[in-house]
Amino acid sequence: MIVTTLYTTSFKGIGQITVRELRFCFGDRLYRVRTDRVRDYDLVQFNYRGDPLALRQLGTVEDVFFHLADVPLSGEREDLNTIGEIPDLIPALNVHRQFNGLPRGRTRYRVIVQASMQGWQSYRRNQMQGAVERAVYRRFPKWRLVPDDAHVELWLQQTGRQVRLGLRLTDRTMRHRTYKIANRPASLRPTIARALVQLTRPEDGDVFLDPMCGAGTVMIERALAGRYALVQGGDIDEQAVADALENFGSRHKPRDVYHWDARQLPLPDQSVDKVATNPPWGHQVGSVFELRALYASAFAEIDRVLRPNGVVAILSSEWNAIKDALAQTNLTPIEQIKDIAVLGRRADIFVVQKFAV
């Protein structure tokens, strides 16, 4: 079996959950795992023994890349020559064709650079980009350089005094999914929703709940994550409920979507195994007092409907409101994933459990 060096990108803070997902899905086919960060993204690099197409099942990942090279940087202009010495692209292109098939017509390519230029560097980002573009042209003179809508994308991602060169294998459906028909303002990215689901420790017999479901992203990600007994959720906004139903379509049954108030759930006591939710936070709620009241009532209801040993994952920036709300429940914090990048803002994921007495 051929060993391939690959890496993934996830939103900042999600990379550690991606590592868990990789190990759970691929076990001993995965080794030499390392993590880096560039801007608002976590990079997880690994050696992989197996079919690369299997990586498309990953839910917390924005993109998968074929690793081409790690280039150390001195800051001098000679770095541009080193960056331009790209390795043989044929093995990467062969894997790329497995993911995407052969392009129609003349191959289009582009180069993307993610780097925050530092004072010790005597060149600019566009010069790094140009060095790779010229190298690709020398290897493939019939290819056409384009600003967008390329068949082949080469990425340069700078982490400290090193730049990583990779060829992107996946397309936008990896990160945006195909089920997102109805979108709402500030709608949760599917990969972050999947991270919430993963932290609930999904099991085949789960009755799963999102009491403030918005457009249904968290619920659908739970349905995609594996077998379950029931997925259910609802929202106080009637349009959100309509959007969730549109996104579900006729798929993923059994599932129930309700128009309800999360502060008064029409569910029996101890009827739910797992909960994941993205409650309003930041500027989504009018005042601090309103937000604290919402959290207190909603988490009391989650506590009521959750079975003993049930797990809850919450995405929010409102640590004080969550702490105060949890203090009035039987829910105990067990993990906190800090500093998640969400639409240019920062939030944490809080994982709590209702331990059996």
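The structure this text deals with has already been given above.
Our subject in this report is the structure included herewith. (Residues numbered from 1 in each chain as written. Predicted model: local features only at pLDDT ≥ 70, side-chain atom pairs only at ≥ 80, totals over all residues. Heavy atoms only, no water.)

1. Examining the sheet that holds strand β4 (residues 63–72)
The strands that make up a sheet pair up through hydrogen bonds in the backbone, lying either parallel or antiparallel. In space, the eight strands of this open sheet follow the order β2-β3-β1-β4-β8-β7-β5-β6, with mixed pairing throughout. Each having just a single partner strand, β2 (30–38) and β6 (144–145) make up the two edges of the open sheet. Sheet topology note: the strand β5 (residues 108–114)/strand β7 (residues 152–158) ladder contains six bridges and is parallel. Bridge assignment links Q114 to a residue of β7, and that residue is Q157. Along the sheet face, helix α4 (residues 125–139) touches β5, β6, β7 and β8 (162–168) and points at about 150° away from the line of β5. (Pairing = 2+ DSSP bridges. Helix = DSSP H or I, 4+ residues; strand = E, 2+ residues; numbered from the N terminus. Contact = heavy atoms within 4.5 Å. Axes fitted to C-alpha atoms, helices over the stretch in contact; angles between N-to-C directions.)

2. Some thoughts on the packing of aromatic side chains
Given two aromatic rings, their pairing is described by the distance between the two centres and the angle made by the two planes. Within this structure, the stated rule accounts for ten aromatic pairs. Both rings, one in Y109 and one in W143, keep their centres 5.9 Å apart while their planes meet at 50°; by these two values the pair is tilted. Of this pair, Y109 sits in strand β5 while W143 sits in the loop between α4 and β6, placing them 34 residues apart in sequence. In this pair, the class of Y109 matches that of W143, namely buried. Judged by centre distance (4.1 Å) and plane angle (10°), the rings of F140 and W143 are stacked. Classification of W143 by relative accessible area gives buried; the value is 12%. Following the ring pairs from residue to residue traces out a cluster consisting of Y7, F65 and W155. One cation-aromatic arrangement involves R161 over W120; the distance from NZ or CZ to the ring centre is 4.0 Å. (Phe/Tyr/Trp six-rings, centres within 6.5 Å; stacked < 30°, edge-to-face > 60°. Buried < 20%, exposed > 50% of the residue type's maximum accessible area, 1.4 Å probe, protein only. Lys NZ or Arg CZ within 6 Å of the ring centre and 35° of its normal.)

3. A few points about the side chain of D42
Tracing the chain through its elements places D42 in strand β3 (residues 41–49). In terms of polar contacts, D42 uses its side chain to reach the backbone amide nitrogen of G15, at 2.9 Å. Not counting residues within four places of it along the chain, the set of residues in contact with D42 comprises T8, T9, S10, F11, K12, G13, I14, G15, D36 and R37. (Polar contact = N/O pair within 3.5 Å; in protein donor to acceptor, adjacent residues only side chain to side chain.)

4. Comments concerning the nonpolar core
With 58 residues, the main nonpolar core has Y295 and I349 as its most contacted residues. Excluding residues within four positions of it along the chain, I349 makes contact with I14, I17, L196, L199, I314, L315, E335, Q336, I337 and I340. Core analysis: the second largest hydrophobic core is formed by 45 residues, V44, A131, V132 and L154 among them. (Core = buried A, V, L, I, M, F, W, Y, C linked by side-chain atoms within 4.5 Å.)

5. So, the sheet that holds strand β15 (residues 345–353)
The strand order across the open sheet formed by seven strands is β11-β10-β9-β12-β13-β15-β14, and the pairing between neighbours is mixed. Of all the strands in the sheet, the pair left with one neighbour each is β11 (255–259) and β14 (332–342). On average, adjacent strands in this sheet sit at an angle of 15° to one another, irrespective of strand direction. Relative to strand β12 (residues 272–277), strand β9 (residues 207–210) runs parallel, the two being bridged by two bridges. Following the sheet pairing, L209 is matched in β12 by V275. Contacting β9, β12, β13 (306–316), β14 and β15, helix α6 (residues 190–199) crosses the sheet at an angle of about 155° to β13. Lying on the sheet, helix α10 (residues 319–326) is in contact with β13, β14 and β15; it crosses β15 at an angle near 15°.

6. Notes on the pattern of salt bridges
Oppositely charged side chains may form a pair once their charged atoms are brought near each other. Within this structure, the stated rule accounts for 27 salt bridges. One salt bridge connects R164 with D36, and the closest N-O pair in it is separated by 2.6 Å. Taken together, the positions of R164 in strand β8 and D36 in strand β2 put the pair 128 residues apart, joining distant regions of the chain. The exposure class of D36 is buried, given its relative accessible area of 19%. Among the ionic pairs, E153 bridges to R110, the shortest N-O distance being 2.9 Å. Taken together, the residues span a long stretch of sequence, with E153 in strand β7 and R110 in strand β5 at a distance of 43 residues. When sorted by exposure, E153 lands in the same class as R110, which is buried. (Salt bridge = Lys/Arg side-chain N within 4 Å of Asp/Glu carboxyl O.)

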